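Listed below are the residues making up each chain.
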Amino acid sequence: MRIVLLGAPGAGKGTVAKSLTEFDGSVQISTGDILRNAVKAGSELGKKAKGYMERGELVPDDLIMDIMEVRMKEPDCQKGFLLDGFPRTIPQAEALKKLLDKIGMKLDAAINLDVPTDVILDRLTTRRTCSNPDCQEIYNVKSNPPTADGKCRKCGTDVIQRADETEEAIGNRLKTYQDKTAPLIVYYEKAGLLKNFLSLNSRETVENVKIALKGA
Ligand code: AP5
């Protein structure tokens, strides 16, 4: 399947994407993960993106499109893809459409994960992430904790709290989402691609998404 995953920060895009790729063999492409790895590696991209990310602002569209043009032409995308955290603005959605037209592909659906703000705030402050760039398993100290000594249950690497999980950055990310990203819900609804899910339990959400996609 070729899917865009929409949702506020902490809505569960990464969690749901990981389960869905295991189900249909498509590749998860998270612009957030690509950028965090670039920051960690200290690459040119990472240097440009770091400040925006730590403040909870969006990285400029042209930088994101440069990354995605290259990434979406890689052979693994032929099997299908789940775009997690991209597009994030109307210009990115329009650029994605042009790019897909150019490489002869079409989106099957835009999945929106709808979660109340109080639940989101709780999730973001309790999330922990595996620091191994090849793993990046997502944990939650309440509902899905790492090992007692703070290691990843999959690969044994330290599990950490992300740099953009300060109260101030979380506030900025939620405001940026409302201003720049939420309009994509109407954009994909008009394109006839939107599928909306109230997402309070990730296992249930994954099952509901699978059922909806079988009928897509
Ligand atoms: P990005 O990494 O995309 O961050 P985000 O959208 O803020 O999303 P998150 O990763 O915070 O949350 P998620 O929805 O994946 O939730 P998760 O599954 O982890 O982007 C980071 C930054 O990079 C941006 O701020 C921006 O600066 C930049 N950037 C990235 N893409 C960009 C773009 N296209 N354009 C411009 N800039 C870009 O779940 C959260 C927590 O909740 C976890 O603890 C999880 O265990 C728990 N949880 C999830 N689902 C459930 C559930 N159903 N029930 C209980 N707990 C749950």
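To be clear, the structure that these remarks concern was listed above.
The model shown is predicted, which means the values in this text are computed figures rather than measured ones.

Trainee: Can you break down the sheet that holds strand 4 (residues 109-114) residue by residue, with the values?
Mentor: Sheet architecture is open: five strands sit in the order 2-3-1-4-8, paired in parallel fashion. Two strands close off the open sheet at either side, each with one partner strand: strand 2 (27-30) and strand 8 (194-198). Averaged over all pairs of adjacent strands, the angle between their axes in this sheet comes to 20°, without regard to strand direction.

Trainee: Account for the side chain of Ser26, naming residues and giving values.
Mentor: Within the secondary structure, Ser26 sits in the loop between helix 1 (13-24) and strand 2. Not counting the four nearest positions on each side in its chain, Ser26 is found in contact with Met1, Thr21, Lys79, Gly80, Phe81 and Leu82.

Trainee: Kindly report on the pattern of salt bridges, identifying the contributing residues and their values.
Mentor: Under the defined criterion, the tally for this structure stands at 17 salt bridges. Glu54 is paired through a salt bridge with Lys50; the nearest N and O atoms lie 3.3 Å apart. Note that Glu54 and Lys50 are positioned in helix 3 (residues 44-55) at a spacing of four residues, about one turn of the helix. Note on Glu54: relative accessible area 38%, which makes it partly exposed. We classify Lys50 as partly exposed; its relative accessible area is 38%. Across the pair Arg173 and Asp164 runs a salt bridge, and its minimum N-O distance is 3.5 Å. In this structure Arg173 comes out as buried when scored by relative accessible area, which is 10%. With relative accessibility at 11%, the residue Asp164 sits in the buried group. Overlapping salt bridges bring together Glu69, Lys73 and Lys102 as one network.

Trainee: Which residues make up the sheet that holds strand 7 (residues 159-160), and what are the values?
Mentor: Strand order in the open sheet formed by three strands is 6-5-7, with antiparallel pairing between adjacent strands. For this open sheet the edge positions go to strand 6 (138-140) and strand 7, each flanked by a neighbour on one side alone. As judged from the three bridges shared by strand 5 (residues 127-130) and strand 6, these two strands associate in the antiparallel manner. When the bridges of strand 6 are listed, Arg128 appears paired with Tyr139.

What counts and what doesn't
- Residues numbered from 1 in each chain as written.
- Predicted model: local features only at pLDDT ≥ 70, side-chain atom pairs only at ≥ 80, totals over all residues.
- Heavy atoms only, no water.
- Pairing = 2+ DSSP bridges.
- Helix = DSSP H or I, 4+ residues; strand = E, 2+ residues; numbered from the N terminus.
- Axes fitted to C-alpha atoms, helices over the stretch in contact; angles between N-to-C directions.
- Contact = heavy atoms within 4.5 Å.
- Salt bridge = Lys/Arg side-chain N within 4 Å of Asp/Glu carboxyl O.
- Buried < 20%, exposed > 50% of the residue type's maximum accessible area, 1.4 Å probe, protein only.

Nothing here speaks to function; it is geometry throughout.
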